[in-house]
Amino acid sequence: MGSAEDAVKEKLLWNVKKEVKQIMEEAVTRKFVHEDSSHIIALCGAVEACLLHQLRRRAAGFLRSDKMAALFTKVGKTCPVAEEICHKVQELQQQVEGRKPSAGKQDALRRQGSASGKAPSLSLQALKHIWVRTALIEKVLDRVMQYLVENSSKYYEKEALLADPVFGPILASLLVGPCALEYTKLKTTDHYWTDPSADELVQRHRIRGPPNRQDSPAKRPALGIRKRHSSGSASEDRLAACAREYVESLHQNSRTRLLYGKNNVLVQPKEDMEAVPGYLSLHQSAESLTLKWTPNQLMNGTLGDSELEKSVYWDYALVVPFSQIVCIHCHQQKSGGTLVLVSQDGIQRPPLHFPQGGHLLSFLSCLENGLLPRGQLEPPLWTQQGKGKVFPKLRKRSSVRTVDVEEMGTGRATDYVFRIIYPGHRHEHRLAYCRHLSTVRTHLSALVHHNIIPPARPPGASGGLTKDVWSKYQKDEKNYKELELLRQVYYGGVEHEIRKDVWPFLLGHYKFGMSKKEMEQVDSAVAARYKRVLAEWKACEAAVRQREQDTQPATLPKFSSGSSIDSHVQRLIHRDSTISNDVFLSVDDLEPPKPPGTEDSRPEPEQELGARPPGTTVVEQQQSVEFDSPDSGLPSSRNYSVASGIQSSIDEGQSMGFEEEDDGGGEEGSDRPVLAAHAFSEPQDPSQEKASQARELDAGEELVAVCAAAYTIELLDTMALNLHRIDKDVQRCDRNYWYFTPPNLERLRDVMCSYVWEHLDVGYVQGMCDLLAPLLVVLDDDQLAYSCFSHLMKRMSQNFPNGGAMDTHFANMRSLIQILDSELFELMHQNGDYTHFYFCYRWFLLDFKRELLYEDVFAVWEVIWAARHISSEHFVLFVALALVEAYREIIRDNNMDFTDIIKFFNERAEHHDAQEILQIARDLVHKVQMLIENK
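What counts, and at which threshold
- Residues numbered from 1 in each chain as written.
- Predicted model: local features only at pLDDT ≥ 70, side-chain atom pairs only at ≥ 80, totals over all residues.
- Heavy atoms only, no water.
- Helix = DSSP H or I, 4+ residues; strand = E, 2+ residues; numbered from the N terminus.
- Areas by Shrake-Rupley, 256 points an atom, 1.4 Å probe, with all protein chains shown as cover.
- Phe/Tyr/Trp six-rings, centres within 6.5 Å; stacked < 30°, edge-to-face > 60°.
- Buried < 20%, exposed > 50% of the residue type's maximum accessible area, 1.4 Å probe, protein only.
- Disulfide = S-S within 2.5 Å.
- Core = buried A, V, L, I, M, F, W, Y, C linked by side-chain atoms within 4.5 Å.
- Domains from an automatic or database assignment.
- Contact = heavy atoms within 4.5 Å.
- Pairing = 2+ DSSP bridges.
- Axes fitted to C-alpha atoms, helices over the stretch in contact; angles between N-to-C directions.
- Parallel < 35°, antiparallel > 145°, perpendicular 65-115°, else oblique.
- Nonpolar A, V, L, I, M, F, W, Y, C, P; charged D, E, K, R; others polar.
- Salt bridge = Lys/Arg side-chain N within 4 Å of Asp/Glu carboxyl O.
- Lys, Arg positive; Asp, Glu negative; His and termini not counted.
- pLDDT = per-residue confidence, 0-100.
- Patch = residues over 30% accessible without salt bridge, like charges linked within 9 Å, V, L, I, M, F, W, Y side chains within 5 Å.
- Expected span 1.5 Å × (residues − 1).

Things to note about the overall build of the protein
For step 1, the next point in the chain: Looking only at helices and strands, one finds 36 helices and 15 strands in the protein.
For step 2, the next point in the chain: In the form shown here, the protein has an accessible surface area of approximately 46400 Å², with 51% of it arising from carbon and sulfur atoms.

See the structure below:
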């Protein structure tokens, strides 16, 4: 019974801890906590559950239905702080019910209600927890809780949480932090409501419907009116005021001068829409000249404030700074005139259709005057006596005679192209446009193949690589070419039943066109290599384990004498305990180097090593080397040759009995120890098998002891550290996936250790198990997974801290989004400038392994592998950009900063639509190819 009660109390306390953590994180992220935050309600609920646990029912007043009110009222008789809370809650309840409170008690109401003295708008949940909530916002909840803990015998049973001598004080201490925070009802321009979860943001976006987005790389700039909807009346009033302020800014004011204004100028926002009439205005400030076009629906005052703010016509409005415009195309027509603005990047703005009556010429005249004195139109408008400004006279190419506009037939259109130039900077805009094209040609051209690949699935590849197609290819390789198979994988993936057969081809284990005999030869070579490597590192592991056992008794006298603990095992465990569960740490950051001379032990003279007992030689030598080089356990601390370490040990006489075996083991040029291969390999002559087995059994213990002497101290240190890291990561690798039973986790460890043994200069880095696990699941063969993982790591190893590919990825992402989505780039740049794209680190490091479900990981990986031969060797960049583009409207509408976008994508992990992401990625590749083609 006692254990059950303790479990209940632990659960209650754990709930409070969780909510305290949430509210403290919100305070750090947002700099304050809003009173309407859902975290406050959740914390109040958890605290109330603790207050009501084992509450004495026979105490006076506790039989009332509102036990929290009875508790605070009872405690208020002896606790002044609780008494003050009782008064404030009563006043707040009166305010909510509409009864007017006394004049001297307005301060408490303003803290709980609105600053204007209106009745506070409290939700039902806030009213439900009004007692605890009021104490929390008044910052006295911790003091009330401490009083209840100290006087728990008056109000609680002996088994109550608050009566517990351990849990009670902990609960009171937990509330100190939340009571020190600032709570406010103020809704600033950056925080209109409590941050919703990522799923809620996506759901809101789906309810609002698809965005009206143009397909052009550079979308028209937004108006800056943030259409973030909130249930609070203050935010609605503020947004409506922003809309009214924008409409009022269209008229003459103290900040800008109105140069031109015209009603009923038509704009066609989208191709499938009719032209919309609106108000065109030209505004001049001290530093800029701006054109604005606003639909009549936003100008005529027929919409209410709430409708005005939510109107879809805000998406059609135009705000165009003329600093971005380089060319103006004018088309004179019988029905009026049309004007098209062309920006520096070559993007055309929606055409402006002027009515009849010379309004187009009037606008150009005002524009020319507004550009002075810094800029001008080229060619300039002509001045004709008695008429004022007129269009310049044109000279036909086929005739020397000049033709006046008025002399031309009224039914013929006359087109003009004006350039906006600035004296002294005549070629500035043109050069900017050329630089833009140069960036596309020279930099982005290396990211894609130049043969244009359509993004839509062709009929022959709509279903991907199926079992039937693969069986035909295996029967006769002439049925399909390699590129045709890869094209089917690129557009549709691989059918799951044949992934085990196809993946080795995609990763390079086999070559397309190999015969079965050649494939068997590759398998045999890989099997022999894997068996040798497995034997080598297992022998080294045995030496490491033996050394650890020998080291522990050797350090016991140190423990009893009171000296410092310098055990090698303790140092390795301490060093590795700093490894985080995240993938954002490098191996070199695990332990900072210690200054020399900080260890207690000193190295022994070298000449005394030979006189020591064989059992202690290795241990004491290891300790002396460890003390002299504190960072020797780090794989990246130095590059070394294992073979040279073995040879140096042999020269010192520590590996007696192995010299005669040096000629027969290992491959030529191998840099790993070869002695273990003899110990674990089968004898060549079957008649000698029994004798060989007997020798192995007799020499087993001697082998382990001699191995410890054969390996260098640095090698044993490094291998021990890597084994410890691998063991930690293997045990927690995809524990919820059905495949990873204990036997399969052991297989995962064997393959991982084999790879690390061949790459000890890099060692194991956290995240490698994430890359190996899907391969082992699909292939279900240790040797095949080992080979395919080795091929995969040729590309992926550059993403880890020892490589330099990650910075290149970030730079390429910045260039891609700057060209393909300049609006989103500007938003990211303005909100704290997270165009460094550090939030993509985990995506590139693990090839989106932790962002997708396991089945989706298979689909995305095989498309990335096939894309190297079809469209782009850097397809991961386009997948990453597709992830951002899939949620661009949510990012834009919620004005996300760096913290917001990290939180959003962490919450959306394993909730992405992989097929949608891949389709967007193929579209982005096609866009870049088209930009390069149209250079």
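A few points about the packing of aromatic side chains
For step 1, the next point in the chain: Inspection of the entire model under this criterion finds 35 aromatic pairs.
For step 2, the next point in the chain: Centroid distance Tyr530 to Tyr786: 5.1 Å. Interplanar angle 50°. Geometry classified as tilted. In this pair, Tyr530 is assigned in helix H19 (residues 516-561) and Tyr786 in helix H28 (residues 782-796), connecting sequence segments 256 residues apart. Per residue, the accessibility class of Tyr530 equals that of Tyr786, and both read buried.
For step 3, the next point in the chain: Ring geometry for Trp861 and Trp865: centres 6.0 Å apart, planes at 50°, overall tilted. With a gap of four residues between them, Trp861 and Trp865 both fall in helix H32 (residues 854-870), about one helical turn apart.
For step 4, the next point in the chain: On the basis of relative accessibility, which here comes to 1%, the residue Trp861 falls in the buried class.
For step 5, the next point in the chain: On the basis of relative accessible area, Trp865 is assigned to the buried category, the value being 3%.

Quick notes on the state of the cysteines
Here, disulfide denotes a covalent bond that connects the sulfur atoms of two cysteines.
For step 1, the next point in the chain: Tallied over the entire structure, the rule returns zero disulfides.
For step 2, the next point in the chain: Lacking any disulfide linkage, Cys86 is separated from the closest cysteine sulfur, that of Cys79, by 9.4 Å.
For step 3, the next point in the chain: On the basis of relative accessibility, which here comes to 8%, the residue Cys86 falls in the buried class.

A look at the nonpolar core
For step 1, the next point in the chain: Formed by 138 residues in total, the largest nonpolar core has its most connected members in Tyr490, Met752, Phe839 and Phe875.
For step 2, the next point in the chain: With eleven residues, H32 is the largest single contributor of residues to this core.
For step 3, the next point in the chain: Shared between two domains, this core holds at least three residues of each, these being domain 3 (426-455 + 804-934) and domain 4 (461-514).
For step 4, the next point in the chain: Those residues in contact with Met752, other than ones at most four positions away along the chain, are Ile726, Tyr764, Met768, Cys769, Leu772 and Phe789.

Section: the pairing of strand S4 (residues 276-284)
For step 1, the next point in the chain: The buried fraction of S4 is high, at eight of nine residues.
For step 2, the next point in the chain: Both strand S3 (residues 257-267) and S4 contribute to a ladder of eight bridges, which runs antiparallel. Bridge assignment links Tyr260 to a residue of S4, and that residue is Leu282.
For step 3, the next point in the chain: Of the strand pairs in this sheet, S4 and strand S5 (residues 289-295) are connected by seven bridges, and their pairing is antiparallel. Considered in S5, the bridge of Leu282 is made with Leu291.
For step 4, the next point in the chain: Between S4 and S5, which pair antiparallel in sequence order, lie four residues.

Considering the pairing of strand S6 (residues 318-321)
For step 1, the next point in the chain: Residues of S6 alternate between two faces, with Leu318 and Val320 buried on one and Val319 and Pro321 left unburied on the opposite face.
For step 2, the next point in the chain: The pairing of S5 with S6 spans four bridges and is classified as antiparallel. The residue bridging Leu291 from the neighbouring strand is Val320, located in S6.

Quick word on the packing of H32 against helix H33 (residues 875-886)
For step 1, the next point in the chain: Between H32 and H33, whose axes approach to 9 Å, the crossing angle comes to 135°. Between H32 and H33, the crossing angle belongs to the class labelled oblique. Contacts between H32 and H33 involve Val860, Val863, Ile864 and Ala867 from the former and Phe875, Val876 and Val879 from the latter.
For step 2, the next point in the chain: Taken together, the residues of the contact of H32 with H33 break down into seven nonpolar, no polar and no charged.

Considerations on unusual backbone geometry
For step 1, the next point in the chain: Residue Pro379 is reached from Glu378 by a cis peptide bond, and omega for that bond is 0°.
For step 2, the next point in the chain: Phi is positive for Lys139, close to 65°, though the residue is something other than glycine.
For step 3, the next point in the chain: Counting through the fold element by element, Lys139 comes out in the loop between helix H7 (130-137) and helix H8 (141-150).
For step 4, the next point in the chain: Overall, Lys139 belongs to the partly exposed group, its relative accessible area being 29%.

Overview of the pattern of salt bridges
For step 1, the next point in the chain: Within the structure shown, the criterion is met by 35 salt bridges.
For step 2, the next point in the chain: In this structure, the salt-bridge partner of Lys88 is Glu84, at a minimum N-O distance of 3.0 Å. Separated by four residues within a single helix, Lys88 and Glu84 lie in helix H4 (residues 80-97), roughly one turn from each other.
For step 3, the next point in the chain: For Lys88, a relative accessible area of 17% translates into the label buried.
For step 4, the next point in the chain: A residue is classified by how much of its surface remains accessible, and Glu84, at 41% relative accessible area, is partly exposed.
For step 5, the next point in the chain: For Asp727, the salt bridge is made with Arg545, and the minimal N-O distance between the two is 3.7 Å. Residue Asp727 is located in helix H25 (residues 713-731), and its partner Arg545 is located in helix H19; the two are separated by 182 residues in the primary sequence.
For step 6, the next point in the chain: For Asp727, a relative accessible area of 24% puts it in the partly exposed group.
For step 7, the next point in the chain: For Arg545, a relative accessible area of 30% translates into the label partly exposed.
For step 8, the next point in the chain: Linked through salt bridges whose partners overlap, the residues forming this network are Asp821, Glu823, Glu885, Arg888, Glu889, Arg892 and Asp893.

Topic: the environment of Cys86
For step 1, the next point in the chain: Here Cys86 is to be found in helix H4.
For step 2, the next point in the chain: Taking the C-alpha atoms as reference points, Cys86 and Trp131, 45 residues apart in sequence, are found 8.0 Å from one another.
For step 3, the next point in the chain: Contacts of Cys86, omitting those with residues within four sequence positions, involve Phe72, Thr73 and Trp131.

Quick word on the sheet that holds strand S7 (residues 325-333)
For step 1, the next point in the chain: Pairing within the open sheet is antiparallel, and its nine strands lie in the order S6-S5-S4-S3-S9-S8-S7-S15-S10. Of all the strands in the sheet, the pair left with one neighbour each is S6 and strand S10 (376-378). The mean angle between the axes of side-by-side strands here comes to 30°, regardless of whether they run parallel or antiparallel.
For step 2, the next point in the chain: The strands touched by helix H14 (residues 359-371) are S3, S4, S5, S7, strand S8 (336-343), strand S9 (352-354), S10 and strand S15 (415-421); relative to S3, the strand with the most contacts, the crossing angle is about 150°.

Looking at the side chain of Glu5
For step 1, the next point in the chain: As for its position among the elements, Glu5 is in helix H1 (residues 2-30).
For step 2, the next point in the chain: For the buried Glu5, which has no salt bridge, the nearest side chain bearing the opposite charge is Lys9, at an N-O separation of 6.1 Å.

Brief notes about the confidence of the model for the protein
For step 1, the next point in the chain: On average, the protein scores 75 in pLDDT, and the residues at 70 or more come to 68%.
For step 2, the next point in the chain: Contacts from residues 108-119, a stretch scored under 50 in pLDDT, to residues over four places away or in other chains number 24 contacts.
For step 3, the next point in the chain: A low-confidence stretch, residues 188-193 (pLDDT under 50), is modelled with 19 contacts involving residues beyond four sequence positions or located in other chains.

Remarks on a nonpolar patch on the surface
For step 1, the next point in the chain: Together, Val96, Leu124 and Leu127 give the surface a local cluster of nonpolar side chains, amounting to about 270 Å² of exposed area.
For step 2, the next point in the chain: Note on placement: Leu127 falls in helix H6 (residues 124-128).
For step 3, the next point in the chain: Taking the relative accessible area as the measure of exposure, Leu127 reaches 33% and is therefore partly exposed.

Quick notes on the environment of Val857
For step 1, the next point in the chain: With respect to the helices and strands, Val857 occurs in helix H32.
For step 2, the next point in the chain: C-alpha of Val857 to C-alpha of Ala914: the two residues are 57 residues apart in sequence and 8.3 Å apart in space.
For step 3, the next point in the chain: Those residues in contact with Val857, other than ones at most four positions away along the chain, are Pro774, Phe848, Lys849 and Leu852.

Looking at the environment of Arg204
For step 1, the next point in the chain: Here Arg204 shows up in helix H11 (residues 198-208).
For step 2, the next point in the chain: In the structure, Arg204 is positioned 686 residues away from Ile890 in sequence and 9.0 Å away in space, judged by C-alpha atoms.

Quick notes on H33
For step 1, the next point in the chain: In this model, H33 (twelve residues) spans 16 Å end to end at C-alpha, consistent with the 16 Å of a helix rising 1.5 Å per residue.
For step 2, the next point in the chain: When you tally the buried positions in H33, you get eleven out of twelve residues, the bulk of the element.
For step 3, the next point in the chain: Among all positions of H33, only Phe875, Val876, Leu877, Phe878, Val879, Ala880, Leu881, Ala882, Leu883, Val884 and Glu885 are buried.

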